Amino acid sequence: MSKKEAFIRETKRKSLSLMHNMAYKAESFRLKGLLDNYDPSRITLKSPQRVRTVTFIITRMVRFHGGQTSILHLGTELEKQGYKVCYLVCKEQSPEEMDICASANLPGYKGRVFALNRYMAAIKKEKIKAPDVVVASSWDTVSFAKKFEDSYLMYFIQDYEPLFYKFGEEYLLARDTYMQGLHMVSLGAWNKDMIMRECGGASGSRFDKRPGLKIDVVSFPYDGSAYEYTERDFSLYKDKKKLTIAVYLKFYGKRLPDLIPYMLINTSEKLKEKGITLEVIYFGEAKTFKAEGGTNLGQLSHAEINELYKKADFGMVASMSNISLVPYEMHAAGLPVIEFADGSYPYFFGEDTALLTRIGEKDIAELLINAASDPESLKAMTGKAAEKLKTLSWERTGRKFSMILRSLVKAGV
């Protein structure tokens, strides 16, 4: 080996070693922040004497966040029913920014937003009483909820969060929070089924001190008032030379940020052979997110989303873990939906309310052509979806959650 070849090889080795070390240190630093606040202890629930004050814990209030919008909806419904509701933010954030972000997610939300540390300091100084019920809203807020030793602890499950990670440390930490004894309330039954399947069995280890899992279920609702239903003439689809798809895309793996663009680029090429142009419009992620095969409009307001839904011929979402709110919104707007049979969508809506594709498909050209040539099928599909939406509302979900809260005092735990 020449000196030049040896130098190049050694330079590559050092570069790879540096990259690996930097990646490891960055990940270790991030995980250390989680571990410093992580409390693995198992708790034993005690029946509350009363339930008048309910406090939700979130990591940080951000705009255009579906999970936080759901929490604000639920808190608002509980306020309407006479409960005093607070939203506590774990990370440092000004009250002004909290309110701006919360209002962007749900204009006119009810309840008060506080910083967790200041709230707990006020309790310690006996300026305020500890809330009757404290509700964790994600796996990384459970340990903060457990700091409220005098409150009844609940856990609002909006997703089976271990699936957000590759199998490893964060997957295992997230999964363990379901076994720490909090009273869980699942948004829809899919989460409950996942938790019971993955966490319900005893391990047999002498170190396993998990309590019995306590999980209630409330229906998965949506806010239909923000979206305008558009009556579409599906008979025109078969003659269209341009099809527009509104695609909800995030960089999170559960939204298939690489697979969907890959599918749609292939779809565009195949449709072009048939003389059809495919316009792909992405939304949901910041404009800085570059997705191939289409235009990213970024994070949109309700009014902008309404206009997009009116313009589009189809909507596309990937609900690979617990269902997204977006297909509900698209159905509310009368937009035919493309979803994945491999995900949770069929669990909530069945298989006859959307055009279903699956993981591994190279394109959806044939799916679109067949749908466009069968207007009666499209009409029936959207009609069935609309029927399913009629039974759902945040008011109904709020009443069910309130019934669960009232039962804590009446029956004990």
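Residues numbered from 1 in each chain as written. Predicted model: local features only at pLDDT ≥ 70, side-chain atom pairs only at ≥ 80, totals over all residues. Heavy atoms only, no water.

Caption draft 1: Inspection of the overall build of the protein at higher detail. Within the protein one finds 14 helices and 13 strands. A compact globule built from 413 residues should have a C-alpha radius of gyration of about 22 Å, and the protein, at 24 Å, falls within 12% of that. Considering only C-alpha atoms, the protein reaches an extent of 75 × 70 × 50 Å along its principal axes. Here the analysis covers contacts within the protein between residues at least 6 apart in sequence; of these, 71% occur between residues at least 24 apart. With the model as given, the accessible surface of the protein reaches about 21200 Å², and the carbon-plus-sulfur share is 52%. Averaging the positions of the 61 positive and the 51 negative side-chain charges in the protein gives two centres separated by 5 Å. (Helix = DSSP H or I, 4+ residues; strand = E, 2+ residues; numbered from the N terminus. Rg over C-alpha atoms; globule rule 2.2 N^0.38 Å. Contact = heavy atoms within 4.5 Å. Areas by Shrake-Rupley, 256 points an atom, 1.4 Å probe, with all protein chains shown as cover. Lys, Arg positive; Asp, Glu negative; His and termini not counted. Charge placed at Lys NZ, Arg CZ, Asp CG, Glu CD.)

Caption draft 2: Highlighting the packing of helix 8 (residues 259–273) against helix 12 (residues 365–372). The geometry of helix 8 relative to helix 12 is characterised by a closest axis approach of 9 Å and an angle of 55 degrees between their N-to-C directions. Compared by their axis directions, helix 8 and helix 12 come out oblique. Across the interface between the two elements, Thr 267, Lys 270 and Leu 271 from helix 8 touch Ala 365, Leu 368 and Ile 369 from helix 12. When grouped by side-chain class, the residues that make up the contact of helix 8 with helix 12 number four nonpolar, one polar and one charged. (Axes fitted to C-alpha atoms, helices over the stretch in contact; angles between N-to-C directions. Parallel < 35°, antiparallel > 145°, perpendicular 65-115°, else oblique. Nonpolar A, V, L, I, M, F, W, Y, C, P; charged D, E, K, R; others polar.)

Caption draft 3: Local environment of helix 13 (residues 375–389). With 15 residues, helix 13 extends 21 Å between its outermost C-alpha atoms, agreeing within 8% with the 21 Å of an ideal straight helix rising 1.5 Å per residue. For helix 13, the complete set of buried residues consists of Leu 378, Met 381, Thr 382, Ala 385 and Leu 389. All buried residues of helix 13 project into a common sector of 90 degrees when viewed along the axis, lining one side. In helix 13, the exposed positions angled more than 90 degrees off the buried face are occupied by Glu 376 and Lys 379. Buried positions along helix 13 lie against strand 11 (314–316), helix 10 (326–332), strand 12 (337–340), helix 11 (345–349), strand 13 (355–357) and helix 12. (Expected span 1.5 Å × (residues − 1). Buried < 20%, exposed > 50% of the residue type's maximum accessible area, 1.4 Å probe, protein only. Arc of directions from axis to C-beta.)

Caption draft 4: A look at the sheet that holds strand 13. What the six strands build is an open sheet, ordered 10-9-8-11-12-13; its pairing is parallel. The open sheet has two edge strands, strand 10 (295–296) and strand 13, and neither has a second partner. Of the strand pairs in this sheet, strand 8 (residues 242–248) and strand 11 are connected by three bridges, and their pairing is parallel. Each bridged residue has a counterpart across the sheet, and for Val 247 the counterpart in strand 11 is Met 316. Lying over the sheet, helix 9 (residues 302–311) contacts strand 8 and strand 9 (277–283), oriented at roughly 165 degrees with respect to strand 9. (Pairing = 2+ DSSP bridges.)

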